[in-house]
Amino acid sequence: MQTFSSAQYQAEEFSYSYTDTADFDIDIPTHTHTNWEFLFVKDGELTYTVDGNVFDITPGSLIISRPGAVHMLHPKGLIHYERYSFFATESSIHAESLRMIPPELHVLDVSNNSIITGLYEKIGVYLAGLNGKPLEKMVGAIIDELLINIYLESLTPSRAVAPYSNPVITNAIIFIKNNIMEPLSVQQASNALFITPSYLH
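So, how was this worked out
Residues numbered from 1 in each chain as written. Predicted model: local features only at pLDDT ≥ 70, side-chain atom pairs only at ≥ 80, totals over all residues. Heavy atoms only, no water. Axes fitted to C-alpha atoms, helices over the stretch in contact; angles between N-to-C directions. Helix = DSSP H or I, 4+ residues; strand = E, 2+ residues; numbered from the N terminus. Parallel < 35°, antiparallel > 145°, perpendicular 65-115°, else oblique. Contact = heavy atoms within 4.5 Å. Buried < 20%, exposed > 50% of the residue type's maximum accessible area, 1.4 Å probe, protein only. Pairing = 2+ DSSP bridges. Phe/Tyr/Trp six-rings, centres within 6.5 Å; stacked < 30°, edge-to-face > 60°. Patch = residues over 30% accessible without salt bridge, like charges linked within 9 Å, V, L, I, M, F, W, Y side chains within 5 Å. Areas by Shrake-Rupley, 256 points an atom, 1.4 Å probe, with all protein chains shown as cover. Salt bridge = Lys/Arg side-chain N within 4 Å of Asp/Glu carboxyl O.

J.: Tell me about the packing of helix H2 (residues 114-129) against helix H3 (residues 132-154), and name the residues and values.
T.: Geometrically, a packed helix pair is captured by the angle between its two axes and the distance between the axes. One way to put it is that H2 packs onto H3 with a least axis distance of 10 Å and a crossing angle of 170°. Judged by the angle between their axes, H2 and H3 are roughly antiparallel. Contacts between H2 and H3 involve Ile 115, Ile 116, Leu 119, Tyr 120, Lys 122, Ile 123, Tyr 126 and Leu 127 from the former and Leu 135, Met 138, Ile 142, Glu 145, Leu 146, Asn 149, Ile 150 and Glu 153 from the latter.

J.: Could you give an account of the pairing of strand S4 (residues 36-43), with specific residues and numbers?
T.: For S4, the buried fraction is high: 6 of the 8 residues fall into the buried class. Relative to strand S9 (residues 79-88), S4 is paired through 7 bridges, and the arrangement is antiparallel. Among the inter-strand pairings, Val 41 is bridged to a residue of S9, identified as Arg 83. Strand direction decides the pairing type here: S4 and strand S7 (residues 61-65), joined by 5 bridges, are antiparallel. In the sheet register, Phe 38 faces S7, and the bridge partner there is Ile 64.

J.: Go over the environment of Phe 40 with me, naming the residues and quoting the values.
T.: Looking at the element boundaries, Phe 40 is found in strand S4. Separated by 112 residues in the primary sequence, Phe 40 and Leu 152 place their C-alpha atoms 17 Å from one another. Contact partners of Phe 40, with chain neighbours within four places excluded, come to Gly 60, Ser 61, Leu 62, Glu 82, Arg 83, Tyr 84, Val 110, Thr 117 and Tyr 120.

J.: Just give me the short version of the packing of aromatic side chains, but keep the residues and values in it.
T.: Both the distance between ring centres and the angle between the ring planes are used here to describe each pair of aromatic rings. Scanning the entire structure with this criterion turns up 10 aromatic pairs. Taken together, a centroid distance of 6.0 Å and an interplanar angle of 10° make the contact between Trp 36 and Phe 38 stacked. Assessed through its relative accessible area of 7%, Trp 36 is described here as buried. Of the aromatic side chains, those joined through ring pairs into one cluster are Tyr 16, Tyr 18, Phe 40, Tyr 84 and Tyr 120.

J.: How would you summarise a nonpolar patch on the surface if you had to cite specific residues and measurements?
T.: There is a patch of nonpolar side chains on the surface, built from Ile 148, Leu 152 and Leu 155 and spanning about 270 Å² of accessible area. Inspection of the secondary structure puts Leu 155 in the loop between H3 and strand S11 (164-165).

J.: Tell me about the pairing of S9, residues and numbers included.
T.: Burial analysis of S9 places 8 of its 10 residues in the buried class, the great majority of the element. As defined by bridge partners, strand S2 (residues 14-24) adjoins S9 across 9 bridges and the pair is classed as antiparallel. Bridging from a neighbouring strand, Thr 21 pairs with Tyr 81 of S9.

J.: Can you lay out the pattern of salt bridges for me, pointing to particular residues and giving the numbers?
T.: Close approach of charged atoms lets side chains of opposite charge pair. Applying the stated rule across the entire model yields 6 salt bridges. The partner of Lys 42 in a salt bridge is Glu 82, with the nearest N and O atoms 4.0 Å apart. Of this pair, Lys 42 sits in strand S4 while Glu 82 sits in strand S9, and the two are 40 residues apart along the sequence. For Lys 42, a relative accessible area of 37% translates into the label partly exposed. By relative accessible area, which is 11% here, Glu 82 ends up buried. When the shortest N-O distance is used, the salt bridge between Arg 159 and Asp 109 registers 3.4 Å. Remark: Asp 109 occurs in strand S10 (residues 107-109) and Arg 159 occurs in the loop between H3 and S11; sequence separation between them is 50 residues. Of the residues examined, Asp 109 reaches a relative accessible area of 22% and is grouped as partly exposed. Within the structure, one salt-bridge network assembled from shared partners comprises Lys 42, Glu 82 and Glu 121.

What follows is the structure, encoded as structure tokens:
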């Protein structure tokens, strides 16, 4: 695995990262977090699993991970993986903007939407040149603009990527959710599901 370029910024209300990696074949394991995540995959073919639903991720996919959602990413072989990731606390996002996002929307094809893809590049420019209140103001504006454009793009039914289900993954996620406060291993999860650890992997 070789990383060509990366950038990262961490603040109390939001964080941003950009990564461009060659020969990427590492699973981003099942996890959850307390913030909203808007992950734009510029290049790479993966599968995204959230709450038992599996989505095919192709270049131009925008992944929306809600707080508390159990999810993971799995690369389809050895891939070139380029992505932008933007986290925001729920309190930093206008409630009206969040309400515009359909609750069933997890993955959106934005490959032909230059406004949305451009917003991710714009965030990087502001983070490099601003700080303090000016930066907070611009990031807040970008979040609103991003959510509004996600809503507008979701009005075209073909843009929303349809999931397919996997009963093993669904049952594994239910088990993890029911034991989220416990230190779990793959062996424990596979035992509970009556499958081998390699099959669960």
